[in-house]
Amino acid sequence: VQLQASGGGLVQAGGSLRLSCAASGRTFSGYSMGWFRQAPGKEREFVAAIWWASGVTNYADSVKGRFTISRDNAKNTLYLQMNSLKPEDTAVYYCAAERPRIGSSVYSADDYDYWGQGTQVTVSS
């Protein structure tokens, strides 16, 4: 199973980026998919999640209204549309897949089973 994240880059504050996460090796119809980010010197934090089958989404308060998570079933690809970017959004962004089980949480990085390699997002002021 592989998750390949892409789409990061350097953007000015107020700009937009779209991250992609191409999944291969299996389908994720029964999984939850998430985006996390990690800034230098900080812990990895939850950004957004989507239930692959239903499309139900969840967001961190810090990105609500600015970021949109989505997936394309046919392409087996996860997306994160990021608008109105702020310097504090600067981080390495990771996509991940979680097989839901009793007690697991989409907010917890420890509960995810597969991870992409990360893509750098830098927002200049």
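For the structure, check the block above.
Quick word on the nonpolar core
Okay, step 1: Residues M33, W35, L78, L80, M82 and Y93 are the most contacted members of the largest nonpolar core, which totals 37 residues.
Okay, step 2: Elements represented by at least two residues in this core include exactly β1 (2–6), β3 (17–24), β4 (32–38), β5 (45–51), β7 (67–72), β8 (77–82), β9 (91–98) and β11 (119–124).

Notes on the pairing of β11
Residues in a regular strand project their side chains so that they alternate between the two faces of the sheet.
Okay, step 1: Burial along β11 is one-sided: the residues T119, V121 and V123 are buried and none of Q120, T122 and S124 is.
Okay, step 2: In terms of strand pairing, strand β2 (residues 9–12) meets β11 through 4 bridges, oriented parallel. Bridge pairing links G9 to V121 in β11.

Here we look at the state of the cysteines
Okay, step 1: Scanning all chains against the criterion turns up 1 disulfide.
Okay, step 2: Each sulfur in the disulfide pair C21 and C95 lies 2.1 Å from the other. The chirality of the disulfide connecting C21 with C95 is right-handed, given an S-S dihedral of about 65°. Remark: C95 occurs in strand β9 and C21 occurs in strand β3; sequence separation between them is 74 residues. Across the pair, exposure class does not vary: C21 and C95 are buried alike.

Some points on the sheet that holds β3
Okay, step 1: Read across the sheet, 4 strands follow the order β1-β3-β8-β7 without closing on themselves; strand pairing throughout is antiparallel. Sheet topology places β1 and β7 at the edges, where each strand pairs with a single neighbour. This sheet shows a mean twist of 15° between the axes of neighbouring strands, independent of strand direction.
Okay, step 2: Pairing between β7 and β8: 6 bridges, direction antiparallel. When the bridges of β8 are listed, F67 appears paired with M82.

Some thoughts on the environment of V92
Okay, step 1: Structurally, V92 can be placed in strand β9.
Okay, step 2: Take V92: its relative accessible area is 22%, and that puts it in the partly exposed class.
Okay, step 3: Sequence separation between V92 and C21 is 71 residues, and the spatial gap between their C-alpha atoms is 13 Å.
Okay, step 4: Those residues within four positions of V92 in sequence are excluded, and the remaining contacts are F36, R37, Q38, G118, T119 and Q120.

Digging into the pattern of salt bridges
Okay, step 1: Taken as a whole and judged by the stated rule, the model has 5 salt bridges.
Okay, step 2: Measuring nitrogen to oxygen at the nearest pair gives 3.1 Å for the salt bridge that ties K64 to D61.
Okay, step 3: By relative accessible area, D61 is classed as exposed at 66%.

A word on the side chain of D111
Okay, step 1: If you trace the backbone, D111 turns up in the loop between β9 and β10 (114–115).
Okay, step 2: Buried D111, no salt bridge; nearest opposite-charge side chain is R101, N-O distance 5.1 Å.
Okay, step 3: Polar side-chain contacts of D111 include one of 2.8 Å to the backbone nitrogen of S105.
Okay, step 4: Excluding residues that lie within four positions of it along the chain, D111 makes contacts with E98, R101, G103, S104 and S105.

What counts and what doesn't
Residues numbered from 1 in each chain as written. Predicted model: local features only at pLDDT ≥ 70, side-chain atom pairs only at ≥ 80, totals over all residues. Heavy atoms only, no water. Core = buried A, V, L, I, M, F, W, Y, C linked by side-chain atoms within 4.5 Å. Buried < 20%, exposed > 50% of the residue type's maximum accessible area, 1.4 Å probe, protein only. Helix = DSSP H or I, 4+ residues; strand = E, 2+ residues; numbered from the N terminus. Pairing = 2+ DSSP bridges. Disulfide = S-S within 2.5 Å. Axes fitted to C-alpha atoms, helices over the stretch in contact; angles between N-to-C directions. Contact = heavy atoms within 4.5 Å. Salt bridge = Lys/Arg side-chain N within 4 Å of Asp/Glu carboxyl O. Lys, Arg positive; Asp, Glu negative; His and termini not counted. Polar contact = N/O pair within 3.5 Å; in protein donor to acceptor, adjacent residues only side chain to side chain.

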